[in-house]
Amino acid sequence: MPTQYIPYDKTGYFSKLICDYLDKKDSLRSFYHRFPDAEGFEKQIEEKADFPQMQRDLLVEVLKGQYSSLDLNTYVNDNIDLLLKKNTFTITTGHQLNLFTGPLYFLYKIISVIKLTQQLKRDYPENDFVPIYWMATEDHDFEEINYFRLNGKKVRWNRADVKNNNKGAVGELFTKGLDAVHQQFCAELGSTRGAQELCELFEKSYLNHDNLADATRYLANSLFAAYGLVIIDANNKDLKKLFISYMEAELKDQISFDTVNPKAEALAVAGYGVQVNPREINLFYLTEGIRERIIEREGSYYVHGTELRFSKDEILRELRENPERFSPNVIMRPLYQEVILPNLCYIGGGGELAYWFELKDYFEAVGVPFPILLLRNSALLLKEKQFLKTQKLDLSLTDLFLNQNDLVNRKIRKISNIDIDFSKQKEHLVKQFEEMYEIAQETDKSFLGAVRAQEVKQLKGLEALEKRLLQAQKKKLGDHVKRLTFLQNEAFPDQNLQERVMNFSEFYLEYGDQLIPKLFDELDPLSHEFTVITLD
């Protein structure tokens, strides 16, 4: 059963912004630097090679330190060492520290990054390319990351001490309370071989590590070390030293606000909306239990929600002495990434690319090459039984992506033994009233309103009759409707894309260690289409 592809704009799940980007519409040309194609990557390599501010030796030293508690896989170690070479470049994705990876698309992000490095190595063999997973350890929204879904239920990490008041970096959270989650997870999994492997992976990741950053690194490394994935935690004093000059400029000159705000407004004017709005200062102050934005008023700097206050000289001295206490927000994090990594391309979801489109002028203003932006792979995984059901129900794959009511109505009309489409009757009615309008025009124009009202009334009557007949046929063909909706609900849980709801563990239970290799075989980061994979 071959893998099939559907244009993103035919799925109904992707924004006009993303679809227009993939179509290279002129309306978006000023919001990105280069498109992810052969010409774009060739020029990006040339530009990034000339970027002078890389300190590769420090980057490698930090990475080796962060991997010191793990058994360093040969492929990962070799990739870290490659970063010392001037002709080595990175491809990067970032993701929150979701419990047990969170939604399924975490895997697609990582696989997109790894596959692209492999393709680039074939195309440009004189260079090397390293896949990077940037852990969002400085985020502070515990409620966004403290659960994943399994068999339609939420497996949740409940912590009363952080649930309502945590504002610090989530990477520093102690893994307290995850033993209870482990018990719940293992009980839900059952006792198969795949269940035992998942249960053990959770235990080794979360119960054998003290904080969420270390646990997530272990988990991602367990899944992808064999493919050479390098994981970075940029919440690091030495790495932030490399970013001091940019943070200093932010505090003094508010460059990001002055450049990003007009770009965001231009996106809105172009009809795409705004993903994020910049603040006057796009930095947080980060200490234990606190990650709060920095506000400047009348020459003084305040940390929101605290009593901390700095003069201009004091905050600049604090930055130079303790750069780890300054944390870039969503506007500045991309710049931080591009300063410390020899990066060519950022791979993200539609929402992520939407805010990257606001940043091009900011990068130009501070003299940092703007990376290529690539939409991560999106996929629907169909089990063999589900695929066979689509054939039995005479459904195309694009039918499955329809709104459920539209899907049912379309199918009922198709299989019904009577014609429930009154389009011809409506057209005939409209033609009849055209003649009546002519008569009214020639006799008494005051009757035009009455004729129009009668036309509207009769058209509504036909529409109401059509709906009643359709409902009657739905009842008559109830078994077919039930099988149709059941199949779609399986493939699109909560009427959403599977990848945004389900956790990889549901598929691992059935396909085990063959799941990830199968995804590697079928996903192509440069296909620019939605992928439908049948698992057999």
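Refer to the structure above for everything that follows.
Quick caveat: nothing in here was measured; it's all calculated off a predicted structure.

What counts, and at which threshold
- Residues numbered from 1 in each chain as written.
- Predicted model: local features only at pLDDT ≥ 70, side-chain atom pairs only at ≥ 80, totals over all residues.
- Heavy atoms only, no water.
- Helix = DSSP H or I, 4+ residues; strand = E, 2+ residues; numbered from the N terminus.
- Expected span 1.5 Å × (residues − 1).
- Buried < 20%, exposed > 50% of the residue type's maximum accessible area, 1.4 Å probe, protein only.
- Arc of directions from axis to C-beta.
- Contact = heavy atoms within 4.5 Å.
- Pairing = 2+ DSSP bridges.
- Axes fitted to C-alpha atoms, helices over the stretch in contact; angles between N-to-C directions.
- Salt bridge = Lys/Arg side-chain N within 4 Å of Asp/Glu carboxyl O.
- Core = buried A, V, L, I, M, F, W, Y, C linked by side-chain atoms within 4.5 Å.
- Disulfide = S-S within 2.5 Å.
- 1 Å grid on protein atoms, 1.4 Å probe; cavity = no way out; pocket = protein on both sides within 12 Å on 5 of 7 lines; lining within 4 Å.
- Points joined across faces, edges and corners; volume = space filled by probe spheres on them.
- Nonpolar A, V, L, I, M, F, W, Y, C, P; charged D, E, K, R; others polar.

Engineer: Would you mind going over helix α9 (residues 193-207) in detail, with residue names and values included?
Structural biologist: Over its 15 residues, α9 extends 20 Å from the first C-alpha to the last, a length consistent with the 21 Å expected when each residue adds 1.5 Å. Those residues of α9 not exposed but buried are G194, A195, L198, C199, L201, F202, S205 and Y206. Mapping the buried residues of α9 onto a view down its axis gives an arc of 160°, with all of them on the same face. Opposite the buried face of α9, at more than 90 degrees from it, the exposed residues are R193 and Q196. Where α9 is buried, its residues touch β4 (147-150), α8 (178-189), α10 (212-224) and α24 (505-511).

Engineer: How would you sum up the sheet that holds strand β7 (residues 283-287)? Please name residues and give values.
Structural biologist: Strands sit in the order β10-β9-β8-β7-β11 across an open sheet of five strands; the sheet is antiparallel. Single-partner strands in this sheet number two, and they are β10 (309-311) and β11 (326-328). In this sheet, neighbouring strand axes are inclined to one another by 35° on average, regardless of whether the strands run parallel or antiparallel. Sheet analysis places β7 next to β11, joined by three bridges and oriented antiparallel. Across the sheet, residue F284 finds its bridge partner in β11, namely S327. Across the sheet, helix α14 (residues 312-321) touches β7, β8 (290-297), β9 (300-303), β10 and β11, and the angle it forms with β10 is around 100°.

Engineer: Any details on the pattern of salt bridges? Residues and values, ideally.
Structural biologist: For the structure on display, the rule yields 25 salt bridges. E197 is paired through a salt bridge with R193; the nearest N and O atoms lie 3.2 Å apart. Linking E197 with R193, this pair stays in helix α9, spanning four residues, or about one helical turn. Exposure remark for E197: the relative accessible area of 27% places this residue in the partly exposed category. Classification of R193 as exposed rests on a relative accessible area of 64%. Measuring nitrogen to oxygen at the nearest pair gives 2.9 Å for the salt bridge that ties E200 to K204. Residue E200 and its partner K204 are located together in helix α9, separated by four residues, close to a single helical turn. Of the residues examined, E200 reaches a relative accessible area of 39% and is grouped as partly exposed. The network of salt bridges with shared partners includes K16, D20 and K25.

Engineer: Before we move on, can you summarise the nonpolar core with the specific residues and values?
Structural biologist: The tendency in soluble globular proteins is for nonpolar side chains to be buried as a group. Membership of the largest hydrophobic core comes to 145 residues, with the highest contact counts inside it found for F100, F224, L251 and I340. Looking at this core, the element that brings in the most residues is α10, giving seven residues. In terms of nonpolar packing, the next biggest core, distinct from the first, is built from 14 residues, I91, V113, L116 and I372 among them.

Engineer: Break down the state of the cysteines for me, with residues and values.
Structural biologist: All told, the structure shown has one disulfide when counted by the stated rule. Disulfide partner of C186: C199, at an S-S distance of 1.8 Å. One disulfide, between C186 and C199, carries an S-S torsion of 90° and so falls in the right-handed class. With C186 in helix α8 and C199 in helix α9, this residue pair connects regions lying 13 residues apart in the sequence. Since its relative accessible area comes to 17%, C186 is described here as buried. There is no disulfide at C19, and the cysteine sulfur nearest it, in C345, is 18 Å away. Owing to a relative accessible area of 9%, C19 belongs among the buried residues under this scheme. Residue C345 is classed as buried on the basis of its relative accessible area, which comes to 0%.

Engineer: Break down the sheet that holds strand β14 (residues 379-383) for me, citing the residues and quoting the values.
Structural biologist: An order of β1-β15-β14 is seen for the three strands of this open sheet, with the pairing classed as mixed. The sheet is open, and its two borders are formed by β1 (4-6) and β14, each paired with just one other strand. Neighbouring strand axes in the sheet, compared pairwise and without regard to direction, differ in orientation by 25° on average. Pairing between β14 and strand β15 (residues 530-535): five bridges, direction parallel. Within the sheet, the bridge partner assigned to L382 lies in β15 and is T534. On the sheet, helix α18 (residues 384-392) packs against β1, β14 and β15 and is oriented at approximately 90° with respect to β14. Where helix α25 (residues 515-522) meets the sheet, its contacts fall on β1, β14 and β15, and the angle it forms with β15 comes to roughly 135°.

Engineer: Explain the layout of surface pockets residue by residue, including any values.
Structural biologist: Over the atoms, a rolled probe matching the size of one water molecule traces out where space is still vacant. For the second largest pocket, the calculated volume is near 340 Å³. Around the second largest pocket, the lining is made up of 18 residues, and of these L201, S222, L223, Y508 and D513 lie nearest the centre. Breaking the lining of the second largest pocket down by element, the ones donating at least two residues are α9, α10 and α25. The element contributing the most residues to the lining of the second largest pocket is α9, with five residues. Residues belonging to the lining of the second largest pocket are distributed by class as follows: 12 nonpolar, two polar and four charged.

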